[in-house]
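In case you want the letters, here they are:
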Amino acid sequence: MAAADFDADTYIRAAAPMLGLDLDEERIAAVIPFLAIAREMAELLEAAPVPEGTLALAPVYDAERPK
C-alpha cells in the first residue's frame, strides 16, 4: 500500500476495537497526527541506504529463554 492510500481514520476505527479501545471522536482525531508522524518516520527508514552485507539484525528478546 502506498502512503497516499493510507486512511488513518479508517485504520484507527478498525484497529481500536481489536485492541480493546473505545475511542470517542475527539481521541480518534488526536491519534491521526501521530500516525502521520509514524508514516513519515517509516518512509525515512525505508529510504536510508543500507550497504550490501552490513545489515545486522538485533537478537529477539525471549523472556522464556535462559541467559
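Structure: above.
Residues numbered from 1 in each chain as written. Predicted model: local features only at pLDDT ≥ 70, side-chain atom pairs only at ≥ 80, totals over all residues. Heavy atoms only, no water.

Trainee: What is the right way to read the overall build of the chain from this model?
Mentor: Within the chain, the secondary structure is distributed over 2 helices and 0 strands. Against the compact-globule benchmark of 11 Å for 67 residues, the chain has a radius of gyration of 17 Å, which places it well outside the compact range. By its C-alpha atoms, the chain is 45 × 35 × 20 Å across when sized along the principal axes. In the chain, which comprises 67 residues, the share counted as buried stands at 7%. Charge centroids of the chain, computed over 5 positive and 13 negative side chains, lie 8 Å from each other. (Helix = DSSP H or I, 4+ residues; strand = E, 2+ residues; numbered from the N terminus. Rg over C-alpha atoms; globule rule 2.2 N^0.38 Å. Buried < 20%, exposed > 50% of the residue type's maximum accessible area, 1.4 Å probe, protein only. Lys, Arg positive; Asp, Glu negative; His and termini not counted. Charge placed at Lys NZ, Arg CZ, Asp CG, Glu CD.)

Trainee: I would appreciate a short explanation of the environment of D9 in the present structure.
Mentor: Within the fold, D9 resides in helix α1 (residues 8-18). Sequence separation between D9 and A30 is 21 residues, and the spatial gap between their C-alpha atoms is 10 Å. Setting aside residues up to four positions removed in sequence, D9 forms contacts with I28 and I32. (Contact = heavy atoms within 4.5 Å.)

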